[in-house]
Amino acid sequence: MLTMSEEDYKKLHPVLSEVTKTYVDLYTNRPNEENREKLIKLEALLHEKLETIQKAKNEQ
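Given the structure is predicted, the values throughout are model-derived calculations rather than measurements. (Residues numbered from 1 in each chain as written. Predicted model: local features only at pLDDT ≥ 70, side-chain atom pairs only at ≥ 80, totals over all residues. Heavy atoms only, no water.)

This next bit is on helix H3 (residues 33-59). End to end, H3 covers 39 Å across 27 residues, agreeing with the expected 39 Å (1.5 Å per residue, within 8%). Its buried side turned inward, H3 meets helix H2 (14-28). (Helix = DSSP H or I, 4+ residues; strand = E, 2+ residues; numbered from the N terminus. Expected span 1.5 Å × (residues − 1). Contact = heavy atoms within 4.5 Å.)

To continue, consider the packing of H2 against H3. Here H2 crosses H3 at 160 degrees, and the two axes come no closer than 10 Å. On the basis of the axis angle, H2 is roughly antiparallel to H3. Judged by the twist between their axes, the crossing of H2 over H3 is left-handed. Of the residues in H3, those touching H2 at Val15, Leu16, Glu18, Val19, Thr22, Tyr23, Asp25 and Leu26 are Arg36, Leu39, Ile40, Leu42, Glu43, Leu46, His47, Leu50 and Ile53. Per-class residue counts for the contact of H2 with H3 are 11 nonpolar, 2 polar and 4 charged. (Axes fitted to C-alpha atoms, helices over the stretch in contact; angles between N-to-C directions. Parallel < 35°, antiparallel > 145°, perpendicular 65-115°, else oblique. Left-handed = near helix turned anticlockwise from the far one by under 90°. Nonpolar A, V, L, I, M, F, W, Y, C, P; charged D, E, K, R; others polar.)

Compared with the 21 Å implied by 1.5 Å per residue over 15 residues, the 21 Å span of H2 between its first and last C-alpha is a close match. Every buried residue of H2 is accounted for by Ser17, Val19, Thr22 and Leu26. Where H2 is buried, its residues touch helix H1 (6-12) and H3. (Buried < 20%, exposed > 50% of the residue type's maximum accessible area, 1.4 Å probe, protein only.)

Further remarks concern the pattern of salt bridges. One pass over the structure, following the stated rule, counts 3 salt bridges. A network of salt bridges, in which partner residues are shared, links Glu6, Glu7 and Lys10. (Salt bridge = Lys/Arg side-chain N within 4 Å of Asp/Glu carboxyl O.)

Side chains of Met4, Tyr9, Leu12 and Leu16 sit close together on the surface and give an oily, nonpolar patch of about 370 Å² of accessible area. Note that Met4 resides in the segment before H1. Look at Met4 and you get partly exposed, because its relative accessible area is 44%. (Patch = residues over 30% accessible without salt bridge, like charges linked within 9 Å, V, L, I, M, F, W, Y side chains within 5 Å. Areas by Shrake-Rupley, 256 points an atom, 1.4 Å probe, with all protein chains shown as cover.)

Following this line, the structure appears as structure tokens:
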């Protein structure tokens, strides 16, 4: 089975990489409520952008 380095994954899947990072940060920073709220907003924005990209890709 082939495995991909973290850097390769980031290059091939930049949006998914950011979503993953946001989820990790969200739960890592859970004690800091202000950071958590900012990360939740960022997560929503990333999901919106991902949906926009997927729609544009499907229209082509």
